[in-house]
Amino acid sequence: MDTTHSTENSNIQLNSEERGCQFNTEKYLSIHAYPTMIPALNFIIENLIRIVNENKTRLGHDRALEFGGGPSLLGSFLLAQKIKSIVFADYISHNLTDVENWVKEKPNAHNWSDLFDRVIQEYQKQTEDMSVKRSDWEKQLREAIKHGGLFECDVNADDGPVLNGEPKHYNVVLSNQTYYIENEHRHPILSLNRTFVIEALRDAGFEDIHDESQNQELDKVADGNAVMIITAFKPKSSI
Ligand SMILES: C[S@@+](CC[C@H](N)C(=O)[O-])C[C@H]1O[C@@H](n2cnc3c(N)ncnc32)[C@H](O)[C@@H]1O
């Protein structure tokens, strides 16, 4: 499952320290954790909930990988309700620290209530299950991330959790918003577009690929011109 904006920026190679300096976690969250600031978040929330619910019988429930996730907990918040263990990977350490602060309930952690309430509200609307509570879902999320762990790594690295290891290790892989602009520099840290994602999924042996992407006006903060929702499934014979 992939939800991401696409970008056609030119690539700027940064080393690990430079990447960290370029990403202001607090500033990012002050915008990207609020659907009022980023209306595309509503599209992502609505579709993630729909896709997870429509496919609940097809989902394995043991392990998920979220990559390029930090510092956002949106996708994992939903996944944790279905999947026991989430490996949360990102290559910027202070993005992971922010997630860790939330998992450990530190006072300086970002307050996700606003976005999580929006997710719960949408879930209730789609499922008519009014019994779900944010506090229960938050508990599940903390447990799933504690179980899977936080990993500082480049997803393109041969020894990282994406390209390395057991091909059948994860039941669900989720990634979103893998680029960003900061300090007026364009940094397409993982440049993506529909064709690239679909071809990569096909090459990796996935089938039943659904592209429900939506064009959008150029986003000044993130320089994307579409919100992509691409879902793909492993062939039954390979599971
Ligand atoms: C714009 S933020 C998006 C965060 C979150 N997924 C969201 O939707 O709000 C992009 C994240 O992807 C991470 N990232 C980009 N390329 C990566 C790579 N090759 N390996 C690991 N993390 C990467 C960045 O460190 C950053 O935390």
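Taken from UniProt, the Sequence similarities (unreviewed entry) comment for the protein reads in full: "Belongs to the class I-like SAM-binding methyltransferase superfamily. NNMT/PNMT/TEMT family."

A short note on the overall build of the protein
The secondary structure content of the protein amounts to eight helices and 10 strands. Taken over 239 residues, the protein has a buried fraction of 35%.

Here's the deal with the pairing of strand β10 (residues 226–233)
Burial analysis of β10 places six of its eight residues in the buried class, which makes it a mostly covered element. Pairing between strand β8 (residues 207–211) and β10: three bridges, direction antiparallel. Looking at the pairing, Glu207 lines up with Phe233 of β10. Where strand β9 (residues 214–215) meets β10, two bridges bridge the pair, whose relative direction is antiparallel. For Asn215, the partnering residue across the bridge sits in β10 and is Ala226.

Some remarks on the environment of Tyr170
Following the sequence through the fold, Tyr170 ends up in the loop between β4 (150–152) and β5 (172–175). On the basis of neighbour count, Tyr170 is assigned to the buried category, with 23 C-beta atoms found within 10 Å. Here the alpha-carbon distance between Tyr170 and Arg63, two residues 107 residues apart in the chain, equals 5.1 Å. Among residues more than four places away in sequence, those in contact with Tyr170 are Arg63, Ala64 and Leu65.

Let's talk about the confidence of the model for the protein
Scored by pLDDT, the protein has a mean of 83; 77% of the residues are at 70 or more. Within the model, the stretch residues 1–12 combines pLDDT values under 50 with 47 contacts to residues more than four positions away or in other chains.

Details of the environment of Gly205
For Gly205, the location among the structural elements is in the loop between α8 (194–203) and β8. Distance in space between the C-alpha atoms of Gly205 and Phe233 is 8.9 Å, their sequence separation being 28 residues.

Brief notes about unusual backbone geometry
The omega torsion across Gly70 and Pro71 is 0°, close enough to zero to call that bond cis. Secondary-structure assignment places Pro71 in the loop between β2 (63–67) and α4 (74–79). Positive phi outside glycine occurs at Asp208, with the angle close to 55°.

Quick word on the packing of helix α6 (residues 113–127) against helix α7 (residues 134–148)
When two helices pack together, you describe them by how their axes are tilted relative to each other and by the distance separating the axes. Following both chains from N to C, one finds α6 and α7 inclined at 110°, their axes separated by 10 Å at the closest point. Our classification of the angle between α6 and α7 gives roughly perpendicular. The segment α6 lies against α7, with Phe116, Asp117 and Ile120 engaging Arg134, Trp137 and Glu138. Among the residues making up the contact of α6 with α7, the classes are represented as three nonpolar, no polar and three charged.

Some words on the nonpolar core
Nonpolar side chains in soluble globular proteins generally cluster together in the buried interior. The biggest cluster of nonpolar side chains holds 43 residues, and the ones touching the most others in it are Ala64, Phe77, Leu79 and Ile86. With near-sequence residues (within four places) excluded, Leu79 lies in contact with Ala64, Ile86, Val172 and Leu174.

Reading guide: rules and limits
Residues numbered from 1 in each chain as written. Predicted model: local features only at pLDDT ≥ 70, side-chain atom pairs only at ≥ 80, totals over all residues. UniProt positions renumbered as here; feature names shortened; annotations may be inferred. Helix = DSSP H or I, 4+ residues; strand = E, 2+ residues; numbered from the N terminus. Buried ≥ 20, exposed ≤ 12 C-beta atoms within 10 Å, placed from the backbone. Pairing = 2+ DSSP bridges. Contact = placed C-beta atoms within 7 Å. pLDDT = per-residue confidence, 0-100. Axes fitted to C-alpha atoms, helices over the stretch in contact; angles between N-to-C directions. Parallel < 35°, antiparallel > 145°, perpendicular 65-115°, else oblique. Nonpolar A, V, L, I, M, F, W, Y, C, P; charged D, E, K, R; others polar. Core = buried A, V, L, I, M, F, W, Y, C linked by C-beta atoms within 7 Å.

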